[in-house]
Amino acid sequence: MKTIPITVFTGFLGSGKTTTILSLLPQLPKDYKVVLLKNEFGDVEVDSQLAKQSSLAAVSEILNGCMCCILVGQMKTALLEIHESFSPDRIIIETSGSAFPATLAFQIRELEKETNGAFKLDAIVTVIDAENFAGYEDTSTTAKMQAAYTDILLINKWELVSERQLDIVMDHLFTLNEQTPKIKCNGKSGVDPSLIFGLDTKLFQTSFSSPGEGEEDKTRWINGTSGLHHQEEVEVVTIRRGITGQNSDKKHLHDEHCRHPVHQEHHHHLDGTPFSTNGVDKISTPLTKRELELALGQLPREGIYRVKGFIRIIEESESTGTHILNWAFGRFELTKMDERTGNSALDEHQDLLFTVMGETGEVRSKVRKFAAALRASVTP
């Protein structure tokens, strides 16, 4: 059984992990097979749809929680499945925005031993959002730990800030992690793969080397009970219009054989009155791009970290197309999907499905105007 290197990407919500990962692929040999294992809050498989349009061999997603704590154990199962099904040259794990790198590293180290070297933790890479890091670093224990426990710090979006602002961010990073190399990303071109592949990390390799040594602390890390409660840093809600078809599976492997089951569910409006996904609240007229832009203008940059999902909008040709929305800290991108993947992303009676992530206790109140502008409903 060959040894598959694993590169773990961490970074706070909206830092640009997916974009950085996808930028690596065109720089790799054409016969170099990479599988992405992605963990995300909510149940909207957005980044996997983007990744399916890349040269990745496959994309596996673990949804509705963080695999370093709430969904602990699912990562090992997914890695074994990937090894058996695809035998790739490398596996890239993209963590949720609130994942602790230590807990994932310990799980991979254990899997190394359990499989007699079928896997190898190659590196932990942390993507830093230079434009917003100084803001959420003050309130997020997770952001600090992601910067502290890593092999490489990739400085993303640095071209969007002044030299003075960048100096402040770098000062913060040197305080948190003086020795770790810090590399600027080259915009959407990302970074040279040779700088982050083949590092053979020594992180978390000897911390609990002796039998019984630190077992209580180790168990607390593995089980996500270190007392830092990082899952509580992020609140997640869903915004939707029309009939909703949801995939209830927490892990789903995307390849050419993928099929999405549809389930009927019941949800509630902001005022608590119920609406059903069986046709009530269906809106027949899709939004225009301008309406979406105006609605996004209702979102505050503070308290809301990320909005991502699918939307059907009326284009200039009067035809309707499905797009992927990625919004983070006031900036957004719309990516047009091809007809086949676009039709599979949304139920035929649905024209909008967004996941909103933000500071706990702030999200529901701060997305009211946004949802109202979209003529949409908010669900937990």
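Just so you know, these numbers come straight off a predicted model, no measurement behind them.

Criteria and thresholds
- Residues numbered from 1 in each chain as written.
- Predicted model: local features only at pLDDT ≥ 70, side-chain atom pairs only at ≥ 80, totals over all residues.
- Heavy atoms only, no water.
- Helix = DSSP H or I, 4+ residues; strand = E, 2+ residues; numbered from the N terminus.
- Buried < 20%, exposed > 50% of the residue type's maximum accessible area, 1.4 Å probe, protein only.
- Core = buried A, V, L, I, M, F, W, Y, C linked by side-chain atoms within 4.5 Å.
- Contact = heavy atoms within 4.5 Å.
- Axes fitted to C-alpha atoms, helices over the stretch in contact; angles between N-to-C directions.
- Parallel < 35°, antiparallel > 145°, perpendicular 65-115°, else oblique.
- Left-handed = near helix turned anticlockwise from the far one by under 90°.
- Nonpolar A, V, L, I, M, F, W, Y, C, P; charged D, E, K, R; others polar.
- Pairing = 2+ DSSP bridges.
- Lys, Arg positive; Asp, Glu negative; His and termini not counted.
- Salt bridge = Lys/Arg side-chain N within 4 Å of Asp/Glu carboxyl O.
- Polar contact = N/O pair within 3.5 Å; in protein donor to acceptor, adjacent residues only side chain to side chain.
- Expected span 1.5 Å × (residues − 1).
- Arc of directions from axis to C-beta.
- pLDDT = per-residue confidence, 0-100.

Trainee: Could you give an account of the overall build of the chain, naming the residues involved and the relevant values?
Mentor: Across its full length, the chain holds 12 helices and 17 strands. Burial statistics for the chain: of 380 residues in total, 55% are counted as buried.

Trainee: Please provide a residue-by-residue account of the nonpolar core, values included.
Mentor: Grouped together as the largest cluster of nonpolar side chains are 26 residues, with contacts concentrated most on Ile6, Val8, Leu37, Leu79, Ile91, Ile93 and Phe119. When contributions to this core are tallied by element, the ones reaching two or more residues are β1 (4–10), β2 (34–39), β3 (58–62), α3 (74–86), β4 (90–94), α4 (101–114) and β5 (119–129). The greatest single-element share of this core, amounting to 6 residues, is contributed by α4. Excluding residues that lie within four positions of it along the chain, Leu37 makes contacts with Ser60, Ile62, Met75, Ala78, Leu79, Ile82, Ile92, Ile93 and Glu94.

Trainee: Please give an account of the pairing of β3 that cites residues and values.
Mentor: Among the 5 residues of β3, 5 are classified as buried, and the element is accordingly described as predominantly covered. Of the two faces of β3, the one carrying Ala58, Ser60 and Ile62 and the one carrying Val59 and Glu61 are both buried.

Trainee: Quick rundown of the packing of α3 against α4? Include the residues and the values.
Mentor: Axes are the key here: two packed helices are described by the angle between their axes and the distance separating the axes. Orientation of α3 relative to α4, taken along the N-to-C sense of each, is 50 degrees, at an axis distance of 10 Å. Taken together, the axes of α3 and α4 are oblique relative to one another. Read as a crossing pair, α3 and α4 show a hand that is right-handed. Every residue of α4 that contacts α3 at Met75, Lys76, Leu79 and Leu80 is listed here: Leu104, Gln107, Ile108, Glu110, Leu111 and Glu114. Looking at side-chain class alone, the contact of α3 with α4 contains 6 nonpolar, 1 polar and 3 charged residues.

Trainee: Now, about the pairing of strand β16 (residues 350–359): what can you tell me, with residues and values included?
Mentor: Among the 10 residues of β16, 9 are classified as buried, and the element is accordingly described as predominantly covered. Bridge count for strand β8 (residues 234–242) against β16 is 9 bridges, and the pairing is antiparallel. Note on β16: the bridge partner recorded for Val234 is Glu359. Bridge analysis of strand β13 (residues 304–314) against β16 gives 7 bridges, and the strand direction is antiparallel. Directly across from Arg306, in β16, lies its bridge partner Met357.

Trainee: Talk me through the side chain of Lys17; I want residue IDs and the actual numbers.
Mentor: Structurally, the position occupied by Lys17 is in helix α1 (residues 17–24). Put simply, Lys17 is tucked away with no salt bridge, and the nearest opposite charge, on Glu94, sits 4.8 Å away. Of the polar contacts made by the side chain of Lys17, one reaches the backbone oxygen of Gly11; its length is 2.9 Å.

Trainee: How would you summarise helix α7 (residues 163–176) if you had to cite specific residues and measurements?
Mentor: With 14 residues, α7 extends 20 Å between its outermost C-alpha atoms, agreeing within 8% with the 20 Å of an ideal straight helix rising 1.5 Å per residue. Those residues of α7 that sit buried are Leu166, Val169, Met170 and Leu173. One side of α7 carries all its buried residues, which in axial view fall inside an arc of 100 degrees. What points out from α7, more than 90 degrees from its buried face, is the exposed set Arg164 and Thr175.

Trainee: Residues and numbers for the confidence of the model for the chain, please.
Mentor: Summing up the model confidence of the chain, the mean pLDDT is 79 and the portion of residues at 70 or higher is 73%. Mean pLDDT per element in the chain: strand β11 (residues 274–276) is the minimum at 38, and strand β7 (residues 182–184) is the maximum at 97. A low-confidence stretch, residues 207–214 stays under pLDDT 50, and its non-local contacts, those more than four residues away or across chains, total 6 contacts. Confidence over residues 220–229 falls short of pLDDT 50; this stretch has 22 contacts with residues more than four positions distant or in other chains.

Trainee: Which residues make up the environment of Glu362, and what are the values?
Mentor: By the element assignment, Glu362 lies in the loop between β16 and α11 (363–366). Along the backbone, Glu362 and Ile304 are 58 residues apart, and their C-alpha atoms lie at a distance of 7.7 Å. Not counting chain neighbours up to four residues away, the residues in contact with Glu362 comprise Glu235 and Gly303.

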